[in-house]
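Notes for the structure review
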Amino acid sequence: MEVGKTIRNLRTESGMSQEELAGKAFVSRQTISSWENGKSYPDVQSLSLIAGLFGTSIDALVKGDLPMIDARIAEEDVRAFKKNAALYGTLLVASLAIAVVAFAQENWLALAAGALVYALSLYFAFLVDHDKKKYEVQTYREIKAFCSGASLDEIKAQRVPERLGVSVMRKLLLGGCVGAAVGVVTAGIVRLL
């Protein structure tokens, strides 16, 4: 982490000890040492204070760390996206299983619980859809590339423009087929029970 080296250089150039800088930045000397040795990263308030003390900007302090910061943000975003997608899928399957069993046994309380689990799965579906729009990933191929760590520029370069009518028609057909398949499976399970 370059910010630690930058802080150390600014501190030594000004003839300040770690203890003196710690007092002015309202942190402990150990915290200054951790920053300078790359063991931890200063928060925004500390960066602002240090930048003001040395007459520089936050941008100048973190300039060398921007690629690392971008990579860390991307990792966290991918992790959150994967978690939301996994929760959506799991809750959707669970709600379907609960609904089928509850319907077969005519247990309306269990059916209500299944509906609640389904509503929760829709919340995670909303989060996944929000992330897809936020990161501009539209197809399964793009989602896979995003989850594998590809940059957004690489994903956009692979994008093939699709006409709106074709996209809407494909979604309608897919939704109808999935709905019909779920209905057939549900009816078959109910007959078996």
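Attention in this report is confined to the structure presented alongside it.

How each quantity is defined
- As a convention, each chain's residues are numbered from 1 in the sequence order in which they are written.
- Since the coordinates come from a predicted model, pLDDT governs what is reported: local features require at least 70, and pairs of side-chain atoms require 80 or more to be given and counted, while whole-chain, interface and lining totals use all residues.
- Each side-chain value is derived from all of the structure's non-hydrogen atoms; neither hydrogens nor water enter the calculation.
- Counting from the N terminus, the helices are DSSP H or I runs at least four residues long and the strands are E runs at least two residues long.
- When accessible area is computed with a 1.4 Å probe and restricted to protein chains, residues below 20% of their type maximum are described as buried, those above 50% as exposed, and intermediate ones as partly exposed.
- Two residues qualify as a contact provided that any one of their heavy atoms is within 4.5 Å of a heavy atom in the partner residue.
- The set of buried Ala, Val, Leu, Ile, Met, Phe, Trp, Tyr and Cys residues whose side-chain atoms join them within 4.5 Å is what this entry labels a nonpolar core.
- Working definition: the arc comes from the directions between the helix axis and the C-beta atoms, pointing outward to the latter.
- The salt bridge criterion pairs a side-chain nitrogen of Lys or Arg with a carboxyl oxygen of Asp or Glu, the two atoms within 4 Å.
- The convention used is that axes are lines fitted to C-alpha atoms, helices contributing only their stretch in contact, and that angles between N-to-C directions extend from 0 to 180 degrees.
- The labels follow the angle: roughly parallel below 35 degrees, roughly antiparallel above 145, roughly perpendicular from 65 to 115, and oblique for the rest.
- In this analysis, rings of Phe, Tyr and Trp, with Trp reduced to its six-membered ring, are considered paired at centre separations within 6.5 Å, and the interplanar angle assigns stacked below 30 degrees, edge-to-face beyond 60, and tilted for intermediate values.

**Description of the overall build of the protein**
- For the protein, the count of helices and strands is ten helices and zero strands.
- Reading the protein from its N terminus to its C terminus gives the helix and strand order α-α-α-α-α-α-α-α-α-α.
- Of all 193 residues assigned to the protein, the portion counted as buried reaches 22%.
- Contacts in the protein between residues far apart in sequence, at least 24 positions, make up 54% of those at least 6 positions apart.

**Re the nonpolar core**
- If you look at the biggest cluster of nonpolar residues, it comprises 14 residues, and the most contacted ones within it are V3, I7, L21, I50 and L61.
- In terms of residue count, the dominant contributor to this core is helix α4 (residues 44-54) (four residues).
- Aside from chain neighbours lying at most four places away, what touches L21 is I7, R11, M16, I32, L53 and F54.

**Focus: α4**
- Among the residues of α4, S46, L47, I50, A51 and F54 are the ones counted as buried. Axial view of α4: buried residues confined to an arc of 135°, hence all on one face. In α4, the exposed residues that point more than 90 degrees away from the buried face are V44, Q45 and G52.
- One or two steps after α4, the chain reaches G55, where phi turns positive at roughly 65°.

**So, the pattern of salt bridges**
- Tallied over the full model, the rule gives two salt bridges.
- A salt bridge links R8 to E36; the shortest N-O distance between them is 3.7 Å. Of the two residues, R8 sits in helix α1 (residues 2-13) while E36 sits in helix α3 (residues 29-36), which places them 28 residues apart along the sequence.
- A relative accessible area of 29% places R8 in the partly exposed class.
- With a relative accessible area of 5%, E36 lands in the buried category.

**Quick word on the packing of helix α2 (residues 18-25) against α3**
- Taken N-terminus to C-terminus, the directions of α2 and α3 make an angle of 105°; their axes are 8 Å apart at the nearest point. With respect to α3, the axis of α2 lies roughly perpendicular. Residues Q18, E19, L21 and A22 of α2 form the contact with α3, whose participating residues are R29, I32, S33 and E36.

**Some thoughts on the packing of aromatic side chains**
- One pass over the structure, following the stated rule, counts two aromatic pairs.
- When the ring of F103 is compared with that of W108, the centres are 6.4 Å apart and the planes differ by 75°; the resulting orientation is edge-to-face.
- Overall, F103 belongs to the partly exposed group, its relative accessible area being 41%.
- Arranged with centres 5.3 Å apart and planes meeting at 75°, the rings of Y123 and F124 form a pair that is edge-to-face.
- Residue Y123 is classed as partly exposed on the basis of its relative accessible area, which comes to 45%.
- Residue class for F124 comes out buried when judged on its relative accessible area of 13%.

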